[in-house]
Amino acid sequence: MWRSCLRLRHAGRRLLNRPRAALTASAGREPNPLTPARAYAPPTERKRFYQNVSITQGEGGFEINLDHRKLKTPQAKLFTVPSEALAIAVATEWDSQQDTIKFYTMHLTTLCNTSLDNPTQRNKDQLIRAAVKFLDTDTLCYRVEEPATLVELQKNEWDPIIEWAEKRYDVEINSSTNIMGPSIPARTREVLISHLASYNMWALQGIEFVVTQLKSLVLTLALMDLRLTVEQAVLLSRLEEEYQIQKWGNIEWAHDYELQELRARTAAGTLFVHLCSESTTVKHKLLQQ
């Protein structure tokens with residue numbers, strides 16, 4: 001994933017070491033709190049108003065410059081990220097925009113805005129408990145009773161992931177066909193809360209974002225632990241939908257669009273978590289190759 005991030009940024013050599021500017025400008029909009037997982041709803045589109053994107057290192061971290069103006073958050077805070085790798089990834093989002101800025105494609109920028117502004121004013125404990133609460137409605141824990149082919153499919157595809165999680169964290173995760181959902185032991189919640197506490201606030205924003213995309217904490221944990229790829233996690237989260245599509249067909253183009261969008265959001269959230277957990281900086285020599 002780290003190498004993929006670097007490949008995306010072959011233009012990184014022109015993003016680094018630009019002179020710092022005195023002028024500042026906000027490229028964001030007013031905050032619009034929606035759900036805890038995505039506190040901002042990005043504006044749809046805007047005409048591109050800058051020519052060049054660059055990165056500079058400030059006292060609080062790495063900053064993004066649009067021409068000679070510093071990027072700011074919707075709450076007018078200086079857009080500063082904790083790692084150079086994350087800064088390059090965000091700068092790439094801005095640099096890849098064409099005549100029109102499509103904010104809804106800039107998931108890393110949105111996640112950074114949410115982490116910096118924290119518009120819902122939640123602390124670390126609240127973020128963790130919001131993610132763990134998804135166990136009550138986890139996709140992998142809700143099973144059907146019929147048809148038999150789907151029952152078997154869920155068992156074959158989902159059981160190995162649940163078994164992995166139980167062994168990995170030494171917990172018990174139950175599944176159920178009851179509408180009331182599975183019974184999750186209190187110890188399981190405590191163990192997973194303790195595990196998530198090892199992540200910093202920025203990474204937790206990304207984890208919760210991925211959990212809401214996949215509707216599954218179990219799949220998210222497997223994704224963060226590199227047990228699954230993004231493509232695998234997305235398909236497992238849509239197992240029943242994919243089964244119905246194979247059986248009855250799908251609406252032309254709509255299914256593919258929805259699938260690609262989900263993959264993009266999940267991939268961005270996963271990359272965000274890993275880059276927010278990085279403490280090292282990118283060596284400039286790598287960007288010049």
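The paragraphs below set out a description of the structure included in this document. Treat the numbers as computed from the prediction; the structure is a model and nothing was measured.

Glancing now at the overall build of the chain. When helices and strands are tallied, the chain shows 12 helices and 6 strands. Taking all 289 residues of the chain together, 50% fall into the buried category. In the chain, the share of contacts with a sequence separation of at least 24, taken over all contacts with a separation of at least 6, comes to 69%. For the chain, the accessible area works out to roughly 14,800 Å², and carbon and sulfur atoms hold 51% of it.

With respect to the secondary-structure elements, Asn65 resides in strand β3 (residues 61–66). Within the structure, the side chain of Asn65 is placed 3.2 Å from the side chain of Thr56, a separation counted as a polar contact.

Between Glu146 and Pro147 the backbone carries a cis peptide bond, its omega angle lying at 0°. Despite not being glycine, Asn118 has its phi angle at roughly 45°, a positive value. When you line up the elements, Asn118 lands in the loop between α3 (107–117) and α4 (124–132).

Taken as a whole and judged by the stated rule, the model has 5 aromatic pairs. With a centroid separation of 6.0 Å and 80° between ring planes, the pair formed by Trp94 and Phe103 is classed as edge-to-face. We classify Phe103 as buried; its relative accessible area is 7%. Between Trp164 and Tyr169 the ring centres are 6.0 Å apart and the planes differ by 85°, which places this aromatic pair in the edge-to-face class. By relative accessible area, which is 16% here, Trp164 ends up buried. Classification of Tyr169 by relative accessible area gives buried; the value is 8%.

The rules behind these values
- What you see as residue numbers is a count from 1 along each chain, following the sequence as written.
- Only residues with pLDDT of at least 70 are given local features in this predicted model, and only at 80 or more are side-chain atom pairs given and counted; all residues enter the totals for whole chains, interfaces and linings.
- Side-chain descriptors were evaluated using all non-hydrogen atoms of the structure, hydrogens and water having been removed beforehand.
- Numbered from the N terminus, helices here are DSSP runs of H or I no shorter than four residues, and strands are runs of E no shorter than two.
- Only protein chains enter the accessibility calculation, which uses a 1.4 Å probe. A residue is then buried if its area is under 20% of the maximum for its type, exposed if over 50%, and partly exposed in between.
- Contacts are assigned to residue pairs with any non-hydrogen atoms lying within 4.5 Å of each other.
- Each accessible area is a Shrake-Rupley estimate made with a 1.4 Å probe; only the visible protein chains count as cover when residues are assessed.
- A 3.5 Å cut-off defines polar contacts: any pair of N or O atoms within that distance qualifies, except that in protein one atom must be a possible hydrogen donor and the other a possible acceptor, and neighbouring residues in sequence count only when both atoms are side-chain atoms.
- Put simply, two rings from Phe, Tyr or Trp (the six-membered ring, in Trp's case) pair if the centres are within 6.5 Å, and we call them stacked under 30 degrees between planes, edge-to-face over 60, tilted for the rest.

Any functional reading would require information beyond the geometric quantities listed.
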